[in-house]
Amino acid sequence: MALPTSLSFELFPPRTPAGTAKLPGVIRQLAAVEPDYFSITHGACGSDQEGTYETLVAVVEHTGVEAVPHLTCVGSTREHIAAQLDRYRQAGVKRIVALRGDLPATAMSPAAPGEFHYANELVAFIRETHGDAFKIEVAAYPEMHPQALCPGADFDNFRNKVAAGADGALTQLFYNADAYFDFMDRCTRAGIGIPVVPGIMPITSYANTLRFCTSCGADLPRWVRLRLEQLQDDTPALLDFGLDVVTRLCETLLRNGAPGLHFYTINQAAPTLRLWQNLGLRVTA
Ligand SMILES: Cc1cc2nc3c(=O)[nH]c(=O)nc-3n(C[C@H](O)[C@H](O)[C@H](O)COP(=O)(O)OP(=O)(O)OC[C@H]3O[C@@H](n4cnc5c(N)ncnc54)[C@H](O)[C@@H]3O)c2cc1C
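Described in the following lines is the structure provided in the data block. Residue numbers restart at each chain and count upward from 1, following the sequence in its written direction. Confidence filtering applies because this is a predicted model: local features only for residues at pLDDT of at least 70, side-chain atom pairs given and counted only at 80 or more, and all residues used for totals across whole chains, interfaces and linings. Derived side-chain values reflect all non-hydrogen atoms in the structure, with water molecules and hydrogen atoms excluded from consideration.

**Notes on the pattern of salt bridges**
Just to be clear on terms, a salt bridge is a Lys or Arg side-chain nitrogen sitting within 4 Å of an Asp or Glu carboxyl oxygen. For the coordinates displayed, the defined rule picks out nine salt bridges. With a closest N to O distance of 3.8 Å, Asp132 and Arg127 form a salt bridge. Relative accessible area serves as the criterion here: at 18%, Arg127 is assigned to the buried category. When the shortest N-O distance is used, the salt bridge between Asp182 and Arg186 registers 3.2 Å. With Asp182 and Arg186 both in helix 6 (residues 177-189) and four residues apart, the pair spans about one turn of that helix. Burial classes: relative accessible area under 20% of the type maximum marks a residue as buried, over 50% as exposed, and values in between as partly exposed (1.4 Å probe, protein chains only). Numbering of helices and strands starts at the N terminus; helices are DSSP runs of H or I of at least 4 residues and strands are runs of E of at least 2.

**Structural notes on the packing of helix 8 (residues 222-231) against helix 9 (residues 235-255)**
The relative placement of two packed helices is expressed as an angle between their axes plus a distance between the axes. All axes here are fitted lines through C-alpha atoms, helices being fitted over the stretch that makes contact, and every angle between N-to-C directions spans 0 to 180 degrees. With their axes 9 Å apart at the nearest point, helix 8 and helix 9 run at an angle of 160 degrees to one another. Comparing their axes, helix 9 and helix 8 come out roughly antiparallel. In this structure, the crossing between helix 8 and helix 9 has a hand that is left-handed. Contacts from Trp223, Val224, Arg227, Leu228 and Leu231 in helix 8 reach Thr235, Ala237, Leu238, Phe241, Val245 and Arg248 in helix 9. Under the scheme applied here, ten amino acids are nonpolar (Ala, Val, Leu, Ile, Met, Phe, Trp, Tyr, Cys and Pro), four are charged (Asp, Glu, Lys and Arg), and all others, including Gly, are polar. Residue composition of the contact of helix 8 with helix 9, by class: eight nonpolar, one polar and two charged. Any angle that is under 35 degrees is reported as roughly parallel, and any over 145 degrees as roughly antiparallel; angles of 65 to 115 degrees are reported as roughly perpendicular and all others as oblique. Rotating anticlockwise by less than a right angle from the far helix to the near helix defines a left-handed crossing, while the corresponding clockwise rotation defines a right-handed one. In what follows, residue pairs with any heavy atoms lying within 4.5 Å of each other are defined as contacts.

**Some details on the sheet that holds strand 6 (residues 168-173)**
By the convention used here, strands pair only if DSSP detects at least 2 bridges between them. Spatial strand order, 1-2-3-4-5-6-7-8: eight strands in a closed barrel with parallel pairing. Looking at each pair of strands side by side, their axes are set apart by 25 degrees on average, direction ignored. Both strand 7 (residues 196-200) and strand 8 (residues 260-264) contribute to a ladder of two bridges, which runs parallel. By the bridge assignment, Ile200 is partnered in strand 8 with Phe263. Strands strand 1 (6-11), strand 7 and strand 8 of the sheet are contacted by helix 10 (residues 269-279), whose axis makes an angle of about 155 degrees with strand 8.

**Observations regarding the packing of aromatic side chains**
Centres within 6.5 Å make a pair out of two Phe, Tyr or Trp rings, where for Trp the six-membered ring is used; the pair is then stacked when the planes are under 30 degrees apart, edge-to-face when over 60, and tilted otherwise. By the definition in use, this model includes 12 aromatic pairs. Grouping aromatic residues by their ring pairs yields a cluster made of Phe9, Phe38, Phe263 and Trp276. To sit over a ring, a charge needs its Lys NZ or Arg CZ within 6 Å of the ring centre and within 35 degrees of the ring normal. Its guanidinium or amino end placed over the ring of Tyr53, Arg87 lies 3.7 Å from that ring's centre, counting from NZ or CZ. The ring of Phe241 carries the charged tip of Arg227 above its face, separated from the ring centre by 4.8 Å.

**Overview of helix 8**
Those residues of helix 8 that fall on the buried side of the exposure criterion are Val224, Leu228 and Leu231. Down the axis of helix 8, the buried side of the element spans an arc of 70 degrees, and every buried residue falls inside it. Across from the buried face of helix 8, at angles greater than 90 degrees, the exposed residues are Arg222 and Gln230. Residues of helix 8 that are buried sit in contact with helix 7 (206-216) and helix 9. Taking the helix axis as origin, the arc is that swept by the directions to the C-beta atoms.

**Description of the site of the ligand**
Whether a residue is near a molecule or strand depends on its heavy atoms: it is near if one of them lies within 4 Å of it. By nearness alone, 23 residues border the ligand, and His42, Arg100, Tyr141, Asp154 and Lys161 come closest of all. His70 is positioned with one of its side-chain polar atoms (N or O) 2.9 Å from a nitrogen atom of the ligand. One nitrogen or oxygen atom from the side chain of Lys161 is found 2.7 Å from an oxygen atom belonging to the ligand. Areas reported here follow the Shrake-Rupley algorithm with a probe of radius 1.4 Å; residue values treat only the protein chains shown as occluding. For the ligand, the protein covers 85% of the area, taking 970 Å² as the surface of the free molecule. Going through the elements one at a time, strand 3 (66-72), helix 5 (151-164) and strand 6 are the ones with two or more residues in the shell around the ligand. A 3.5 Å cut-off defines polar contacts: any pair of N or O atoms within that distance qualifies, except that in protein one atom must be a possible hydrogen donor and the other a possible acceptor, and neighbouring residues in sequence count only when both atoms are side-chain atoms.

**Examining the environment of Cys213**
Relative to the assigned elements, Cys213 resides in helix 7. With residues up to four places along the chain from it excluded, the contact list for Cys213 reads Leu173, Tyr175, Ala218 and Leu220.

**A closer look at the nonpolar core**
Counting residues in each nonpolar core, the largest one holds 81 residues, and the members touching the most others are Phe38, Phe158, Tyr175, Ile200, Leu253 and Leu261. Element by element, the count of residues in this core is highest for helix 9, at nine residues. Excluding residues that lie within four positions of it along the chain, Leu253 makes contacts with Phe174, Ala177, Tyr180, Phe181, Pro198, Ile200 and Ala258. Counting residues in each nonpolar core, the second largest holds eight residues, with Tyr37, Ala139, Tyr141 and Leu170 among its members. In these notes, a set of buried Ala, Val, Leu, Ile, Met, Phe, Trp, Tyr and Cys residues joined through side-chain atoms within 4.5 Å is what counts as a nonpolar core.

Function-wise, these values are silent; they only describe arrangement.
Here it is in structure tokens:
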């Protein structure tokens with residue numbers, strides 16, 4: 001298996017006092033395996049940007065590992081985005097995950113309100129205002145973004161983000177390796193050579209896995225869904241089964257050329273670290 005070149009962990013800003021108290025421990029445990037970076041999500045419609053910033057500072061303070069903010073542009077203005085970019089630059093941030101963000105539930109049109117409508121405009125704005133000061137990651141959807149008209153249109157939109165200056169991409173979660181390989185084939189045919197790192201969501205619960213897949217349009221293979229349903233009241237057995245399924249997925253991806261893995265940790269260290277160990281990834285001190 002080729003050595004992955006990019007291994008990263010995604011965190012979200014905690015929303016409860018208990019989550020806030022737990023986070024430093026989670027960050028320390030995850031940092032011990034020496035990931036390349038932690039990324040920190042940004043609330044929909046630009047909400048909770050303070051939470052993103054505070055979590056970023058916590059990562060740097062507790063670990064010294066690179067911290068990468070997600071930045072959403074939906075509903076925002078150029079002035080507001082410019083201020084956030086300046087603040088991140090002053091804080092020493094070197095990489096940004098640039099996103100449109102989810103539309104408000106009340107949105108009447110698939111185009112985002114505000115001065116930015118799609119993520120490619122945000123990527124172009126970052127390049128226009130900060131040149132190459134930030135490495136830019138964008139989102140990729142091997143199984144198509146749920147609001148896209150069709151896979152072809154969605155891929156053209158991905159290509160626009162790359163043309164605007166994205167350096168790399170992180171995918172939406174998926175449990176079907178073929179969807180990723182098909183996406184990569186399309187990239188090759190389109191002359192897109194940026195690294196596209198699979199987004200990996202550990203399986204820790206039947207209900208959550210169904211919910212995540214439904215909300216982002218990811219296909220949960222029928223046999224996996226049926227087995228999770230069967231095991232839903234036996235947590236240790238479900239965790240073992242989920243670990244096997246996701247380990248095999250990651251092995252298949254890495255063996256066939258995926259340049260790394262981006263783990264959606266949901267602010268829990270154990271499921272991601274079990275996977276990490278199972279895969280024999282970078283050994284810790
Ligand atoms: C790795 C990753 C991290 C994420 N982190 C966050 C986060 O921190 N906070 C958050 O709120 N959400 C996050 N999301 C979710 C993301 O914000 C949503 O999926 C959002 O709906 C789309 O964002 P995007 O940047 O992919 O948008 P875009 O690339 O702009 O695409 C959005 C939709 O518009 C279509 N589109 C793009 N350009 C055009 C055009 N010119 N004309 C017509 N249609 C077009 C696309 O096909 C797609 O259907 C993340 C997703 C991923 C995969």
